[in-house]
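Coordinates in review
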Amino acid sequence: MVQEQVDAAGTSGDAPETVLAGLRAVHASGRTRTLEWRRRQLRGLERLLVERETEIAAALEADLGRPAFDAWFGDIVSTQGEIAHALRHLRSWMRPRRRGLPLVQLPGSARIQYEPLGVVLVIGPWNYPVYLSLGPLVAALAAGNCAVVKPSELAPATSALLARLLPRYVDPEAVVVVEGDGAVTQELLAQGFDHALFTGGTEIGRKIMAGAAATLTPVTLELGGKSPVVVAPDADLGVVARRVAWVKLMNSGQTCIAPDYVLVDRSVRDDLVRELRTAFEELGAERRDGLPIVNERQLDRLVAGLVATSGEVVMGGGADRARTTLEPTIVLEPGADESLMREEIFGPVLPVVSYGSVEEAVARVNAGDKPLALYVFSASRRWAEDVVAAVPAGGAVINHVAMHCLVPSLPFGGVGASGMGAYHGEWGFQALSHRKSVLVKPMRPDLRILYPPYDAKARALLRRLL
């Protein structure tokens, strides 16, 4: 296929209804159902990440100020892990699953078979615009679907890159990239997809769900929220500080599963703050002049939270609006009702709050919306497990931060305000497949007692059997 044809098919300026009609025709042809087609698409994505790593890194630097190694670590290797896992297990995922029958249904057999939903809409975010666009696409293609990928307009260089490159590596008639703003997203939703998967903030998630409701489009919403870190007095504070600071500084804290605030036992609060300051200084040494924030609006929001806080800014706090950067910042004991403790921070600002008892810490977390992630640090496994059991959250990690996202055998998703549904690995395959129940019965025997009219003897027997 010549390049002009590839670009025309795979990156569309057509009306949304035209795009969707074309994809539905491809899906109806049946070609996306085969194991070979699905594997070919996944290997194409794999080649894209290898062959175009330099271009991907340049786009991420242009959009987010992210260094090349951080681009590889945050967007490329994580996506490669999803692809490798899917390729390794796809055949077994597709295999029908036999189910037992109750005695009264014998003779016969039952199974669940997985079928593609049809056409899936993937709405990507700006903070990890490759990983969180291609990761859901891996699930969609593994499940045998066609897809529209709508990258975030707030990461324009990456959006343009995906629009240009994706059609060269996957079936351009089955995967279409549509660029544009939120209005374009709503136009797409209005067409009625077989599933929509959105990653982003809670407020936009509400708009996505409302737009999907009109056409009864099922949705997976990967949102965010205030993911807490609960630190026991017996935890190794140096390890806690390094692991929390590492993820908090990653992508300037603009990560949905970044630690949002720390709850620490009052007896070790000052020791932890000292360790956190050291970790922030060491791990952020390359960017002492401030970490890049995606745009001025987000920077202004973060600065407003710092200006309004009643807590003590014990580190950082400096912003440079001309360069759109903010220093790594630690705020000690902010008020419970201020924005830093009510809204997702999504930046390199870390509140630290002390508690007197573990019950107090749990009550404080549970007083807010259910978080996307919960992080618990303790030398006592039982203490940590008790906290995990007491706090509803999308996922939890004991003695580390955010690592559960990189385990493809675990479902990743939120609960309540932090999200709806889950994907990654087989969970993504199942989320974007229809589980069709199939019951097979022989023509004989054909028991007359099952059919009306029912005499007293038949009614009594059927009551006993059924």
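Just above sits the structure.
Figured I'd write up the structure that's included with this text.

What counts as what
- Residues numbered from 1 in each chain as written.
- Predicted model: local features only at pLDDT ≥ 70, side-chain atom pairs only at ≥ 80, totals over all residues.
- Heavy atoms only, no water.
- Helix = DSSP H or I, 4+ residues; strand = E, 2+ residues; numbered from the N terminus.
- Expected span 1.5 Å × (residues − 1).
- Bend = angle between axes of the 7 residues up to and from the residue.
- Pairing = 2+ DSSP bridges.
- Axes fitted to C-alpha atoms, helices over the stretch in contact; angles between N-to-C directions.
- Patch = residues over 30% accessible without salt bridge, like charges linked within 9 Å, V, L, I, M, F, W, Y side chains within 5 Å.
- Areas by Shrake-Rupley, 256 points an atom, 1.4 Å probe, with all protein chains shown as cover.
- Salt bridge = Lys/Arg side-chain N within 4 Å of Asp/Glu carboxyl O.
- Core = buried A, V, L, I, M, F, W, Y, C linked by side-chain atoms within 4.5 Å.
- Buried < 20%, exposed > 50% of the residue type's maximum accessible area, 1.4 Å probe, protein only.
- 1 Å grid on protein atoms, 1.4 Å probe; cavity = no way out; pocket = protein on both sides within 12 Å on 5 of 7 lines; lining within 4 Å.
- Points joined across faces, edges and corners; volume = space filled by probe spheres on them.
- Nonpolar A, V, L, I, M, F, W, Y, C, P; charged D, E, K, R; others polar.

Some points on helix α5 (residues 68–94)
Taking 1.5 Å of rise per residue, the 27 residues of α5 would be expected to cover 39 Å, and the 36 Å separating its terminal C-alpha atoms lies within 8% of that figure. If you look at α5, its biggest bend is around 50°, right at R88.

Concerning the sheet that holds strand β2 (residues 109–116)
Where strands meet in a sheet, backbone hydrogen bonds hold them as pairs that are either parallel or antiparallel. Here three strands make up an open sheet; going across it, the order is β1-β2-β21 and the pairing antiparallel. Each of the sheet's edge strands pairs with one partner strand only, and the pair in question is β1 (97–99) and β21 (433–440). Direction aside, the axes of adjacent strands within the sheet are offset by 30° on average. When β2 meets β21, the two strands line up antiparallel, connected through eight bridges. Within β21, the position partnered with A110 by the bridge is L439.

Some thoughts on a nonpolar patch on the surface
Together, F69, F73, W246, L283, M403 and L406 line one region of the surface with nonpolar side chains, adding up to about 550 Å² of accessible area. Checked against the element boundaries, M403 lands in the loop between β17 (395–398) and β18 (412–413).

Here we look at the nonpolar core
Membership of the largest hydrophobic core comes to 71 residues, with the highest contact counts inside it found for L42, L45, L134, L137 and L166. V244, A258, V273 and A279 belong to the second-largest nonpolar core, a separate cluster that totals 42 residues.

Focus: the sheet that holds strand β4 (residues 146–150)
Strands sit in the order β5-β4-β3-β6-β7-β19 across an open sheet of six strands; the sheet is mixed. The sheet terminates laterally at β5 (175–177) and β19 (419–420), the two strands that pair on one side only. Across three bridges, β4 lies against β5 in parallel orientation. Of the residues in β5, the one forming a bridge with A147 is V175.

Here's the deal with the pattern of salt bridges
Inspection of the entire model under this criterion finds 20 salt bridges. Note that R269 is salt-bridged to D270, the shortest N-O span being 2.9 Å. For D270, a relative accessible area of 48% puts it in the partly exposed group. Where salt bridges share partners, they join R31, D171 and E173 into one cluster.

Structural notes on the layout of surface pockets
Here the largest pocket is characterised by a volume of approximately 1400 Å³. Forming the walls of the largest pocket are 48 residues, and the residues nearest its centre are G200, G201, T202, E203 and E344. Contributions of two or more residues to the lining of the largest pocket are made by α8 (182–189), β6 (195–199), α9 (202–213), α12 (296–308), α13 (339–342) and α14 (358–366). Ranked by residue count, the leading element in the lining of the largest pocket is α9, at six residues. By residue class, the composition of the lining of the largest pocket is 19 nonpolar, 15 polar and 14 charged. Of the voids in this model, the second largest pocket is the one considered here, and its volume is about 530 Å³. For the second largest pocket, the lining is made up of 20 residues, of which D70, L249, M250, N251 and L283 are closest to its centre.

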